[in-house]
Amino acid sequence: MTGVTVANRRAARDGSVKRLLRLSDGRLVEAVDLPQGGRRTLCVSSQVGCVLDCAFCATGTMRFARNLSADEITAQLEVVRRDALPGGASADDFTNVVFMGMGEPFYNYDNVLAAAAKFADPRAFRIAPRRITISTAGVLPAIERYFEEAQPYNLAISITSAIAEKRDRLMPINQRYPLAKIGAALRAAPRRMAERVLLEVPLLAGVNDQAEDAQALLEFICDLPVRVNLIPWNPADAGAVFATPDRETTLAFQQIVRRAGAPVFIRKSMGRDVQGACGQLALTQASPDADDSGKVEIAS
């Protein structure tokens, strides 16, 4: 064990539980337990804070401190399992793992892939590779490396908008790794790899949820064997700049994108009543006078 402990936990009405975990150096990350039907998914963090500045992400407002080691990533599952099921935990409690917590996994590529391998190892956590998903905001060199290595896991790429100017504003990484180049990498990848790609679109009311946005996404995916996840945005707080689109708008967006023939799902947002989006609990629990090293402490 790497000295990871539970610093705080919040249980939501839908059964999900967000845990704030303290690392051995006192820094904090989050892991979210997401039970749904016959599945139980753990969302793990890969960095303390994040170097990206996505306009809609709570983690993006935190200072980046450091990458997590592979052991610190896998320890999240060990600690959460022990905390959730004291005395009765087994390696089969969690069916899925998603690298969608704090941080950009592909800016910590080697440790993330080492952790994924341990999650999938029959001698360790025994989670099937097809039940492990690694998410990225679009770090193109790492995406290309991932395809070259023929990694066996699912890959989720956050698109947010297929309109270049809009994605520039919402996800500044687009200025360095444009979506057009990511599309080219997807088209060049072996089909068996591209079929395991999930394109994620956080929907922000009045910002990227209109018919023109759906049409641009439709054109982007028209010849790709990918799946699409529409994610109505989970507000960070009552004073948030963005808002969640209404159901009617979300369904209309889905219908337009479906014309490409790709599976288009609307992901159920869990943990809204306990600040379930990545980075939210760490922000609310952090002391406002965190030092410049990025270390934060639990507020009293």
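Cut-offs and rules
Residues numbered from 1 in each chain as written. Predicted model: local features only at pLDDT ≥ 70, side-chain atom pairs only at ≥ 80, totals over all residues. Heavy atoms only, no water. Axes fitted to C-alpha atoms, helices over the stretch in contact; angles between N-to-C directions. Helix = DSSP H or I, 4+ residues; strand = E, 2+ residues; numbered from the N terminus. Parallel < 35°, antiparallel > 145°, perpendicular 65-115°, else oblique. Left-handed = near helix turned anticlockwise from the far one by under 90°. Contact = heavy atoms within 4.5 Å. Core = buried A, V, L, I, M, F, W, Y, C linked by side-chain atoms within 4.5 Å. Buried < 20%, exposed > 50% of the residue type's maximum accessible area, 1.4 Å probe, protein only. Salt bridge = Lys/Arg side-chain N within 4 Å of Asp/Glu carboxyl O. Pairing = 2+ DSSP bridges.

A. Inspection of the packing of helix H1 (residues 70-84) against helix H2 (residues 109-120) at higher detail. With their axes 8 Å apart at the nearest point, H1 and H2 run at an angle of 40° to one another. Relative to H2, H1 is oriented oblique. For the pair H1 and H2, the sense of crossing is right-handed. Residues Ala70, Asp71, Ile73, Thr74 and Leu77 of H1 touch H2, and the partners they reach there are Asn111, Val112, Ala114, Ala115, Lys118 and Phe119.

B. Examining the nonpolar core more closely. By size, the foremost hydrophobic cluster in this structure holds 78 residues, and its most contacted members are Phe99, Phe106, Tyr146 and Leu199. Dropping the residues within four chain positions of it, Phe106 is found in contact with Leu113, Ile134, Thr136, Val139, Ala142, Ile143, Tyr146 and Leu155.

C. Focus on the pattern of salt bridges. Applying the stated criterion across every chain, the model contains 15 salt bridges. Ionic pairing is found between Arg40 and Asp33, a salt bridge with its closest N-O pair at 2.5 Å. Judged on exposure class, the residue Arg40 and its partner Asp33 are both buried. Between Glu212 and Lys166 there is a salt bridge; the shortest N-O distance is 3.7 Å. Here Lys166 lies in helix H4 (residues 164-170) and Glu212 lies in helix H7 (residues 211-221), a separation of 46 residues in the sequence. In this structure Lys166 comes out as buried when scored by relative accessible area, which is 10%. Via salt bridges that share partners, Asp25, Arg27, Arg66 and Glu72 belong to a single interconnected network.

D. Molecular detail of the pairing of strand S3 (residues 28-36). Of the strand pairs in this sheet, strand S2 (residues 17-22) and S3 are connected by 6 bridges, and their pairing is antiparallel. Following the sheet pairing, Arg19 is matched in S3 by Ala31. From the end of S2 to the start of S3, which pair antiparallel, there are 5 residues, and Gly26 there has a positive phi angle of about 90°. Of the pairings in the sheet, the one linking S3 to strand S4 (residues 39-43) comprises 5 bridges and is antiparallel in character. Directly across from Pro35, in S4, lies its bridge partner Arg40.

Purely spatial values, then, with no claim about function.
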